[in-house]
Amino acid sequence: MKLKVLPPTLRKNHHYLILDVKSEVEISKEEMLPYVWDACIRYWGENHSSNFNLWVMRHYLIEETTQNNEPIFNYKTVLRCGRSYEDDVRVALSTLTRQNKKRIAINTIGVSGTIKSGINKFIEG
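What you see is a predicted model; the values in this text were computed from it and never measured.

**Brief notes about the side chain of Glu-86**
- Its place among the elements puts Glu-86 in helix α2 (residues 86-94).
- At 6.5 Å, Arg-83 is the nearest oppositely charged side chain to Glu-86, a buried residue that forms no salt bridge.
- Within the structure, Glu-86 has its side chain in polar contact with the backbone nitrogen of Ser-84 (distance 3.3 Å).
- Those residues in contact with Glu-86 that lie beyond four places of it in its chain are His-15, Leu-17, Cys-81 and Val-111.

In structure tokens, the structure reads:
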């Protein structure tokens, strides 16, 4: 028996955070998600963080520079989160400063209702 797809009125609503990520090491899309979850769980705990419904949708390398003979990688990331939890995720991400003994800085550029409008407004524009 085939499972039925939920109608749009019953699905959970999402918003998309556009993040500016600076790191000393290269970060792949798969490595980014545990960093985000780890920051949220450390700040809010597992009970509240389980409502965030986080997922990394897109991850772009913007530029690679060198400062004091150390490489710095600049990424733009589209992070999906549950509607009405954007501020909670932003607070948790601002506390993340080191991962695996390497410095990392995550800043939120903006919030969007769709992936396409977020990319057009904050990454390409």
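The rest of the description comes next.
**A look at the sheet that holds strand β5 (residues 102-112)**
- Strand order across the open sheet formed by 5 strands is β2-β3-β1-β5-β4, with antiparallel pairing between neighbours. At either end of the open sheet lies a strand with only one pairing partner, and these are β2 (55-67) and β4 (98-99).
- Across 2 bridges, β4 lies against β5 in antiparallel orientation. In the sheet register, Arg-98 faces β5, and the bridge partner there is Arg-103.
- In the packing of helix α1 (residues 29-49) onto the sheet, contacts are made with β1 (14-23), β2, β3 (70-82), β4 and β5, and the angle to β2 comes to roughly 100°.

Cut-offs applied
Residues numbered from 1 in each chain as written. Predicted model: local features only at pLDDT ≥ 70, side-chain atom pairs only at ≥ 80, totals over all residues. Heavy atoms only, no water. Helix = DSSP H or I, 4+ residues; strand = E, 2+ residues; numbered from the N terminus. Buried < 20%, exposed > 50% of the residue type's maximum accessible area, 1.4 Å probe, protein only. Lys, Arg positive; Asp, Glu negative; His and termini not counted. Salt bridge = Lys/Arg side-chain N within 4 Å of Asp/Glu carboxyl O. Polar contact = N/O pair within 3.5 Å; in protein donor to acceptor, adjacent residues only side chain to side chain. Contact = heavy atoms within 4.5 Å. Pairing = 2+ DSSP bridges. Axes fitted to C-alpha atoms, helices over the stretch in contact; angles between N-to-C directions.

Fair warning: the whole summary comes from geometry, so function is off the table for now.
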